[in-house]
2 protein chains.
Amino acid sequence: MEQRYRANLVNSLSGFKSANLIGTMDSNGKTNLAIFSSVVHLGASPALIGFVMRPDNVPRDTLKNIKDSGAYTINQVNRSIWQKAHQTSARYDENVSEFDAVSLTPLLRSGFVPPFVKESNLQLAVELVEIMPITANNTLFIIGKITDLFLPENAISVDGYLDIEACQSVAISGLDSYHSTKRLARLSYAKPFKEVEQLNVDNSVICSNGEEDLCTYGKC
Amino acid sequence: MEQRYRANLVNSLSGFKSANLIGTMDSNGKTNLAIFSSVVHLGASPALIGFVMRPDNVPRDTLKNIKDSGAYTINQVNRSIWQKAHQTSARYDENVSEFDAVSLTPLLRSGFVPPFVKESNLQLAVELVEIMPITANNTLFIIGKITDLFLPENAISVDGYLDIEACQSVAISGLDSYHSTKRLARLSYAKPFKEVEQLNVDNSVICSNGEEDLCTYGKC
């Protein structure tokens, strides 16, 4: 297979992916921003999150800054910024901040070194835990601990579920395809030989007469 | 935070997730099936794919079978089977096959030990490469190599992009929320100081007059 064809195809095989902007700062105070589709949940307690990086990949600055500062931000991409977010994958010179280049706003918060993305509805502060080399293909798995959340509290349901669809978060497929979503339903905790129930965002059971999802959209 | 509340919240923070059923077989020929939302693309050449597993997690059989046989299948969940897929997360006894319990069809193929899910449009045969312990939270990162694909060839675009939306693949958010998707657009390869273009599924540029995505749906 031709290299680009293969990259497009294999990148589609895992299914839908998360869309996140990772923000970092170097020791001179220069900000850096790069989109990643490989951010993955690792565990709730402690709150660990991982993502995959090629050492020889476009956002070399991201890796260097994470190593140097031990900190980064993860900012979920939404429908207002998906095109700007994609543009951060261009190979800008080291002296250019992607924030400036794509017109996103770096948000500096007291007590945090790396910049958040002001236009993102869901912003995480993350401390580096470990960089695990994946020897099979010379990539790196970057593991971090979520220390702080910045998000609209009313998007959190009574049982802790966060309505990222109401926050207009987008999904990615392949290398370059962006998708909005429509909830089919939440499903009840599965037990053997008991049919699962369809739930609303607030964990209440959806009426079996086919009534529509009663959740409130537009919370973010 | 209460444990379940925390699990719901933290599981939402990474963004949208893939929905896949992992099929395995034990040494006695008993099949096993479990849903995972942590399957992630690791690299195109070689075609590597990873997922996260807790050693003390529900689908213990999956881990044992992967260790014993060195092989598994990854089957993308679609709109026809998402509820059955969710039901595989129930704690069935070891002697129960989830295929039977949730009424999905094990598809055995010559030359492959583990069963595929017949009802899935995108089925991958995977060979185990490495089980990496994540010491920070006692989970495992299972890395495999995709050896064979079973999918509708006409869902592959001219440039290798696979239209998983046309295959009705679903996305997951949090622990239990399932979503269908609507493509915003593909975007052109990003270059510094050049505006990205919106592309159709076949990599052609979408007319700037706002014409709708011209892709053909319903290929799967």
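These numbers were taken from a predicted model, which means no experiment stands behind them.

**Q** Can you lay out the sheet that holds strand 5 (residues 48–53) of chain A for me, pointing to particular residues and giving the numbers?
**A** Remark on secondary structure: sheet strands pair via backbone hydrogen bonds, oriented parallel or antiparallel. All names here are of chain A. What the seven strands build is an open sheet, ordered 3-2-6-9-10-5-4; its pairing is antiparallel. Looking along the sheet, the strands with just one partner apiece sit at the ends: strand 3 (31–36) and strand 4 (40–43). This sheet shows a mean twist of 35 degrees between the axes of neighbouring strands, independent of strand direction. Judged from the five bridges that link them, strand 6 (residues 71–76) and strand 9 (residues 123–134) form a sheet pairing that is antiparallel. Following the sheet pairing, Y72 is matched in strand 9 by V126. Contacting strand 2 (20–25), strand 3, strand 5, strand 6, strand 9 and strand 10 (139–150), helix 2 (residues 60–69) runs over the sheet at an angle of about 55 degrees to strand 2.

**Q** Residue-level account of the pattern of salt bridges, with values.
**A** Under the defined criterion, the tally for this structure stands at ten salt bridges over all chains. Between B:D159 and B:R186 there is a salt bridge whose closest N-O contact spans 2.9 Å. Taken together, the positions of B:D159 in the loop between strand 10 (139–150) and strand 11 (171–173) and B:R186 in strand 12 (residues 177–187) put the pair 27 residues apart, joining distant regions of the chain. A salt bridge links B:R183 to B:D163; the shortest N-O distance between them is 2.7 Å. Of the two residues, B:R183 sits in strand 12 while B:D163 sits in the loop between strand 10 and strand 11, which places them 20 residues apart along the sequence. One salt-bridge network, in which partners are shared between bridges, spans A:D159, A:R186 and B:D176.

What counts and what doesn't
Residues numbered from 1 in each chain as written. Chains lettered and ligands numbered in written order. Predicted model: local features only at pLDDT ≥ 70, side-chain atom pairs only at ≥ 80, totals over all residues. Heavy atoms only, no water. Pairing = 2+ DSSP bridges. Helix = DSSP H or I, 4+ residues; strand = E, 2+ residues; numbered from the N terminus. Axes fitted to C-alpha atoms, helices over the stretch in contact; angles between N-to-C directions. Contact = heavy atoms within 4.5 Å. Salt bridge = Lys/Arg side-chain N within 4 Å of Asp/Glu carboxyl O.

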